[in-house]
Amino acid sequence: MEKVKTHGNTGQRLLLKPLLSSSSLKITFEAETDSCTLIVDERGEVKKLPAIELSDLIFYGERKEILQLLDGDMSLQQLISRGQVKVKGSFRALLRLEAVLWLTNGFFRKMIT
């Protein structure tokens, strides 16, 4: 298991805290040949695990599109409306993830590449 803090940027972690105060966020990314799960806990720390079944959100798509999402090059709504990424999970978890992605500005890409 790999555990990484959000770059030691206290300000960024403080921005994430209200979004994660009630529970952690478990996100699984499934590309053509590989998959992984990222867990963002209440303190803004991120753990990378092999894919787990009990994720809040599961993303299906090509690796290229998932990386565009994580880099902030494409918004989640654009990828979904174009049919390039499919998402399984609750709408609330999806909104939380969108906020976290926007606030962390490409941090998650470093976790899965």
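This text gives an overview of the structure that appears in the document.

Reading the values: the criteria
Residues numbered from 1 in each chain as written. Predicted model: local features only at pLDDT ≥ 70, side-chain atom pairs only at ≥ 80, totals over all residues. Heavy atoms only, no water. Salt bridge = Lys/Arg side-chain N within 4 Å of Asp/Glu carboxyl O. Helix = DSSP H or I, 4+ residues; strand = E, 2+ residues; numbered from the N terminus. Buried < 20%, exposed > 50% of the residue type's maximum accessible area, 1.4 Å probe, protein only. Phe/Tyr/Trp six-rings, centres within 6.5 Å; stacked < 30°, edge-to-face > 60°. Core = buried A, V, L, I, M, F, W, Y, C linked by side-chain atoms within 4.5 Å.

### Remarks on the pattern of salt bridges
A side chain with one charge can pair with a side chain of the opposite charge if their charged atoms come near.
And step 1. Scanning the model with the defined rule gives one salt bridge in all.
And step 2. Between Arg 63 and Asp 34 there is a salt bridge, with its nearest N and O atoms 3.1 Å apart. Here Asp 34 lies in the loop between β2 (25-30) and β3 (35-40) and Arg 63 lies in helix α2 (residues 63-71), a separation of 29 residues in the sequence.
And step 3. Take Arg 63: its relative accessible area is 31%, and that puts it in the partly exposed class.

### Description of α2
And step 1. Buried residues of α2: Glu 65, Ile 66, Leu 67, Leu 69 and Leu 70, and no others.
And step 2. Just downstream of α2, Gly 72 is the residue with a positive phi angle, here 90°.

### Describing the packing of aromatic side chains
And step 1. Tallying each qualifying case throughout the model produces one aromatic pair.
And step 2. A ring pair is formed by Phe 29 and Phe 59, whose centres lie 5.3 Å apart and whose planes are at 15°; its orientation type is stacked. Taken together, the positions of Phe 29 in strand β2 and Phe 59 in strand β5 (residues 57-61) put the pair 30 residues apart, joining distant regions of the chain. Accessibility assignment for this pair places Phe 29 and Phe 59 in one class, buried.

### A look at the nonpolar core
And step 1. Judged by nonpolar contacts, the single largest core of 20 residues is most densely connected at Ile 27, Phe 29, Leu 57, Phe 59, Leu 69 and Leu 97.
And step 2. For this core, the element with the highest residue contribution is helix α4 (residues 91-104), accounting for four residues.

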